[in-house]
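What follows is the residue order along each chain.
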Amino acid sequence: MRRLPGGVFHMGSDDFYPDERPAHPRTVAPFWIDTHAVTNAQFARFVAETGYVTVAERELDPARFPGADPADLVPGAMVFTPPPTPVDLGNWRNWWRWQPGASWQRPFGPASSIVDRLSHPVVHVAYEDASTYAAWAGKRLPTEAEHEYASRGGRDGAAFAWGDEPYPNGIAQANSWLGRFPHDNQGVGGTAPVGSYPPNGYGLSDMIGNVWEWTSDAYTPRHFPPSATPVEAGARPNLLAAPAPGTPPEPPRRVLKGGSFLCSPDYCLRFRPAARSPQAEDTGMSHIGFRCARDA
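Note that the structure is predicted; figures quoted are calculated from it, not measured. (Residues numbered from 1 in each chain as written. Predicted model: local features only at pLDDT ≥ 70, side-chain atom pairs only at ≥ 80, totals over all residues. Heavy atoms only, no water.)

Chemist: Describe in detail the overall build of the chain, supporting the description with residues and values.
Modeler: The secondary structure content of the chain amounts to three helices and 11 strands. Order of helices (α) and strands (β) in the chain, N terminus to C terminus: β-β-β-β-α-β-β-α-α-β-β-β-β-β. Computed over C-alpha atoms, the radius of gyration of the chain comes to 19 Å, within 12% of the 19 Å expected from 2.2 N^0.38 for 296 residues, which places it in the range of a compact globule. By principal-axis analysis of the C-alpha atoms, the chain measures approximately 50 × 45 × 45 Å. The proportion of buried residues among the 296 residues of the chain is 46%. Restricting the contact set of the chain to residue pairs at least 6 apart, pairs at least 24 apart contribute 72%. Accessible surface, the chain as shown: approximately 13,600 Å² in total, 54% of it carbon and sulfur. With 26 positive and 31 negative side-chain charges, the chain shows a separation of 4 Å between the mean positions of the two kinds. (Helix = DSSP H or I, 4+ residues; strand = E, 2+ residues; numbered from the N terminus. Rg over C-alpha atoms; globule rule 2.2 N^0.38 Å. Buried < 20%, exposed > 50% of the residue type's maximum accessible area, 1.4 Å probe, protein only. Contact = heavy atoms within 4.5 Å. Areas by Shrake-Rupley, 256 points an atom, 1.4 Å probe, with all protein chains shown as cover. Lys, Arg positive; Asp, Glu negative; His and termini not counted. Charge placed at Lys NZ, Arg CZ, Asp CG, Glu CD.)

Chemist: Explain the packing of helix 1 (residues 40-50) against helix 2 (residues 127-136) to me, and be specific about the residues and the numbers.
Modeler: Relative to each other, helix 1 and helix 2 sit at 75°, their axes nearing to 11 Å. Accordingly, the angle class assigned to the pair helix 1 and helix 2 is roughly perpendicular. On helix 2, the residues touching Gln 42, Phe 43, Arg 45, Phe 46, Glu 49 and Thr 50 of helix 1 are Asp 129, Thr 132, Tyr 133 and Trp 136. Per-class residue counts for the contact of helix 1 with helix 2 are four nonpolar, three polar and three charged. (Axes fitted to C-alpha atoms, helices over the stretch in contact; angles between N-to-C directions. Parallel < 35°, antiparallel > 145°, perpendicular 65-115°, else oblique. Nonpolar A, V, L, I, M, F, W, Y, C, P; charged D, E, K, R; others polar.)

Chemist: Please provide a residue-by-residue account of the pattern of salt bridges, values included.
Modeler: Side-chain pairing between opposite charges can occur once the charged atoms of the two side chains come close. Taken as a whole and assessed by the stated rule, the structure comprises 13 salt bridges. A salt bridge links Glu 20 to Arg 272, with the shortest nitrogen-to-oxygen separation between them at 2.6 Å. Note that Glu 20 is positioned in the loop between strand 2 (7-11) and strand 3 (24-28) and Arg 272 in the loop between strand 8 (253-257) and strand 9 (276-280), a separation of 252 residues in sequence. With a relative accessible area of 0%, Glu 20 lands in the buried category. A residue is classified by how much of its surface remains accessible, and Arg 272, at 0% relative accessible area, is buried. In this structure, the salt-bridge partner of Glu 128 is Arg 58, at a minimum N-O distance of 3.0 Å. (Salt bridge = Lys/Arg side-chain N within 4 Å of Asp/Glu carboxyl O.)

Chemist: Give a detailed account of helix 2, specifying residues and quantitative values.
Modeler: Buried within helix 2 are the following residues: Tyr 127, Asp 129, Ala 130, Tyr 133 and Ala 134. Buried residues of helix 2, seen end-on, are gathered within an arc of 165° and therefore sit on one face of the element. Among the structural elements, helix 1, strand 7 (212-218) and strand 8 are those in contact with the buried residues of helix 2. A positive phi of about 75° marks Gly 138, the residue just after helix 2. (Arc of directions from axis to C-beta.)

Chemist: Lay out helix 1 in plain terms, naming residues and giving numbers.
Modeler: Along helix 1, the residues that are buried comprise Asn 40, Phe 43, Phe 46 and Val 47. One face of helix 1 carries all of its buried residues, which in axial projection span an arc of 120°. Along helix 1, exposed side chains directed more than 90 degrees from the buried face belong to Arg 45 and Ala 48. Looking at the buried positions of helix 1, the neighbouring elements they touch are helix 2.

Chemist: Just give me the short version of the packing of aromatic side chains, but keep the residues and values in it.
Modeler: Under the counting rule described, the total for this entry stands at 25 aromatic pairs. Aromatic pair Phe 9 and Tyr 149: ring centres 5.5 Å apart, planes at 65°, arrangement edge-to-face. Note that Phe 9 is positioned in strand 2 and Tyr 149 in helix 3 (residues 144-152), a separation of 140 residues in sequence. Its relative accessible area of 4% is what places Phe 9 among the buried residues. For Tyr 149, a relative accessible area of 7% corresponds to the buried category. Plain terms: the ring middles of Trp 162 and Phe 271 are 6.5 Å apart, the flat faces sit at 25° to each other, and that makes the pair stacked. One end of the pair, Trp 162, is in the loop between helix 3 and strand 7; the other, Phe 271, is in the loop between strand 8 and strand 9, with 109 residues separating them in the sequence. By relative accessible area, which is 1% here, Phe 271 ends up buried. Connected via pairs of aromatic rings, a cluster forms that spans Phe 43, Phe 46, Tyr 52, Trp 104, Tyr 133, Trp 136 and Phe 290. Residue placement shows Arg 270 over the ring face of Tyr 17; its charged tip is 3.6 Å from the ring centre. (Phe/Tyr/Trp six-rings, centres within 6.5 Å; stacked < 30°, edge-to-face > 60°. Lys NZ or Arg CZ within 6 Å of the ring centre and 35° of its normal.)

In short, geometric facts, not functional conclusions.
Here's what the structure looks like:
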């Protein structure tokens, strides 16, 4: 872990996606944060010592999926699958597939393994999985503000963690999508071993790119600075609201930070510190991992 000094920084951005607004000053206290995302090797040790079973490996509750064929209700996860030709970018189903048997230790399905991927970030972890690991390690998940502060590496206000250009001198500074998304892969095209790219100014690896990372913050469609009393507060989603009768409850959504190997300028320009993404707590995917933090 690295101890970060904390302080005031400019959180968010007014220049990209609406949910990053408004840019505002935010104060974070000193804290510790992992130098890289939790790896398959680290997660395997946790599972070996605790016997923990991840959300993706558990049996599904038919009550949560009314009308579904029981034969389809088997453990599994969403796996990125690049199509052979250009597709409609408005439909994410063109490059994601539900893969029965996919999990953190079988990231592409039952026939796959992590034997040769122990230094890669663990994926297919839901929010509960990440939180449980953090508690076992004597840590916690970072807040959204902590993650953004850490990912900037001391470059306050820059569009990217390394400056204002996405590819300075034509060189990728993080594991993001290179080529036309999602069919033309000219880069890694998947996760890379942690630390494959240069660390940022705080000595932290892959705060941007490689995998999205869970934070402890509930997602809201815009920032609400601590000093502000938002006039539209009543319109914010109530994550604890009871569903309508007969409607399966929707899982709360948490903020993901950092972007992933799937972030591309022609589809998802989110390999930036200010970028954020909502994710259902009960859903892990092949581009989502996490790292831990701890109070100073």
